[in-house]
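# Observations on the three-dimensional arrangement
Given next are the chains, with one letter for each unit.
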Amino acid sequence: MSDVSLPFDAATYSLIVPIYNEEAVLPLLFERLDQLVAELDGTTEVILVDDGSRDNSARLIVEKVKSSPNFRLIALSRNFGHQIAITAGMEAAVGQATIVMDADLQDPPEVALQLVAKWKEGYEIVYAQRLSRDGETAFKLATAHLFYWVMRRLATVDIPENVGDFRLVDRVALDTFLAMPERDRFVRGMFGWMGFRQTAVPFHRAARAAGETKYPFWKMLRLAANGVVGFSDFPLRLALWLGSLISLAAVLYGIYVLVLALIRSDLVAGWASIVVVVSFLSGINLLMLGIVGIYVGRIHTEVKRRPLYIVGRRIGFAQGNAPEPAHGKVIP
Ligand code: UDP
Ligand code: MG
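Note that the coordinates shown come from a computational prediction; the quantities given were computed from them, not determined experimentally.

With respect to spatial proximity, 19 residues lie near ligand 1, and among them Glu22, Asp51, Gln106, Thr213 and Lys214 are the closest. In this structure, an oxygen atom belonging to ligand 1 sits 2.9 Å away from a main-chain N or O atom of Tyr20. Within the contact set of ligand 1, a nitrogen atom lies 2.6 Å away from a side-chain nitrogen or oxygen of Asp51. Relative to its free-state accessible area of 530 Å², ligand 1 is covered by the protein chains to the extent of 95%.

Of the protein atoms, only Asp104 (OD) and Gln106 (OE1) coordinate the magnesium ion (ligand 2), at distances of 1.9 Å. There is no split in this pair, since Asp104 and Gln106 are both buried.

So, on to the nonpolar core. Formed by 34 residues in total, the largest nonpolar core has its most connected members in Met90, Met151 and Phe191. At the level of elements, strand E2 (43-50), helix H3 (82-92), strand E5 (125-133), helix H5 (138-154), strand E6 (163-170), helix H6 (171-178), helix H7 (187-194) and helix H8 (217-231) are the ones that each hand at least two residues to this core. Core analysis: the second largest hydrophobic core is formed by 32 residues, Tyr13, Leu33, Val116 and Ala128 among them.

What follows is about the layout of surface pockets. In this structure, the second largest pocket occupies an estimated 650 Å³ of space. If you go around the second largest pocket, you meet 27 residues; those closest to its centre are Thr301, Glu302, Lys304, Arg306 and Leu308. At the level of secondary structure, the elements contributing two or more residues to the lining of the second largest pocket comprise H8, helix H9 (234-263) and helix H10 (271-304). For the lining of the second largest pocket, the leading source of residues is H10, giving eight residues. When the residues that make up the lining of the second largest pocket are grouped by side-chain class, the tally is eleven nonpolar, nine polar and seven charged.

In space, the seven strands of this open sheet follow the order E3-E2-E1-E4-E6-E5-E7, with mixed pairing throughout. Two strands close off the open sheet at either side, each with one partner strand: strand E3 (71-75) and strand E7 (198-205). For this sheet, the mean inter-axis angle between neighbouring strands, taken without regard to orientation, is 20°. As paired strands, strand E1 (residues 12-19) and strand E4 (residues 97-100) are joined by four bridges and run parallel to one another. When the bridges of E4 are listed, Tyr13 appears paired with Ala97. Running over the sheet, helix H2 (residues 57-67) touches E1, E2 and E3 and is turned about 145° from E3. H6 rests against E4, E5 and E6 of the sheet, and its axis sits at about 115° to E6.

Here is what the cut-offs are and how they apply
- Each chain has its residues counted from 1, following the order in which its sequence is written.
- Each chain is given a letter, starting from A, and each ligand a number, starting from 1, according to the order in which they appear as written.
- Local features are withheld for residues below a pLDDT of 70 in this predicted model, meaning they are given only at 70 or higher, and side-chain atom pairs are given and counted only at 80 or more; totals for whole chains, interfaces and linings count all residues.
- Computation of side-chain values covers all heavy atoms of the structure but excludes hydrogens and water.
- One heavy atom within 4 Å of a molecule or strand is enough for the residue carrying it to be called near that molecule or strand.
- Nitrogen and oxygen atoms within 3.5 Å of one another constitute a polar contact, given that in protein one can donate a hydrogen and the other can accept it, and given that sequence-neighbouring residues count only through two side-chain atoms.
- Working definition of accessibility: Shrake-Rupley area with a 1.4 Å probe, residue cover restricted to the visible protein chains.
- Sites may look incomplete because water is not among the atoms; the donors themselves are N, O and S atoms within 2.8 Å of the metal, or within 3.2 Å for Na, K and Ca.
- Classification of residues uses two cut-offs on accessible area relative to the type maximum, computed with a 1.4 Å probe and protein chains only: under 20% is buried, over 50% is exposed, and between them is partly exposed.
- For this analysis, a nonpolar core means a set of buried residues of the types Ala, Val, Leu, Ile, Met, Phe, Trp, Tyr and Cys, connected via side-chain atoms within 4.5 Å.
- Secondary structure counts use DSSP, requiring at least four H or I residues in a row for a helix and at least two E residues in a row for a strand, with both numbered from the N terminus.
- Each cavity reported here is a set of points on a 1 Å grid over the protein atoms alone in which a 1.4 Å probe fits but cannot get out, each pocket an open set with protein on both sides within 12 Å along at least five of seven lines, and each lining residue one with an atom within 4 Å of a point.
- Grid points are joined across faces, edges and corners, and a volume is the space filled by probe spheres set on the points.
- For this classification, Asp, Glu, Lys and Arg are treated as charged, while Ala, Val, Leu, Ile, Met, Phe, Trp, Tyr, Cys and Pro are nonpolar and the rest, including Gly, are polar.
- Here the rule is simple: two strands pair whenever DSSP picks up at least two bridges between them.
- Note on geometry: axes are C-alpha line fits, over the in-contact stretch for helices, and angles between N-to-C directions span 0 to 180 degrees.
- Between two residues, a contact is recorded if the distance between any of their heavy atoms is within 4.5 Å.

Put into structure tokens, the structure is as follows:
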């Protein structure tokens, strides 16, 4: 839990920027980041994560890092994807507050100042919420909307709509995030799951400053599937419901066919027995699949290895004497 009376002028900020083939936008980005660093009221490190760029990005970043002492580079060995790139950056961050933002200036760096203001009010997680999205196709807007609509109904955590990964997290929230060992990392879902005091800062999302989107449709689809699978067991439960429903219908139909066979003599010989056997077996089949699904769901929760709960604050325990919970996580 952050101490609200922390001497904030001594605070350090970590800015994390994932970069994948962004040579066109980098000069502009560096300019805006320099400006932001100058405006922030504490020492600031800028961590640029090169997610396996194949263009000139790496060279431009190295140049920048050499000339600006507060810029750092983490170069991944290949393209691991945006979610992993920002995770790599967050693991390297040392600041009291860490801010993740896109490289293409769609997340205006100045908004970070408003995120910081909310942080100083005592919020551990401050996400930037898009009021509008310029320069994005109707298709992207519609699919994004559909995704959040589905997530709201299925997911067990609150994932606010129109929130990407442009977000400030306090040290406490960041350590909690890093303590979650799951490998499929749907970052915005994980921050939603962990609780703490969260708030939003609205902003207008600009169009990409230069270059093209690095999130083609299939990558978005994979991100969405990751979100649903990681934060909902609905697809598994669906198998049980559908299985029960269909097997019930199959049994009823089987009974109907049986009765038909008893009262009518003009049926094709063997038809009734085949239909009864097939519907009965397929019903059992689906039902069993659903039951297996429930167990797989349990295994799925187990293997994610998330802490059962997170303790934000403990009061009244002797210093350093409070027992470590076996299933929970106390941060720090
Ligand atoms: N990005 C990345 N690895 C990837 C894809 C994207 O690090 O595999 C970075 C990209 O350089 C940018 C941010 O993630 O800084 C968001 O990507 P983009 O702007 O292309 O996504 P969009 O805004 O179109 O959803
Ligand atoms: Mg973008």
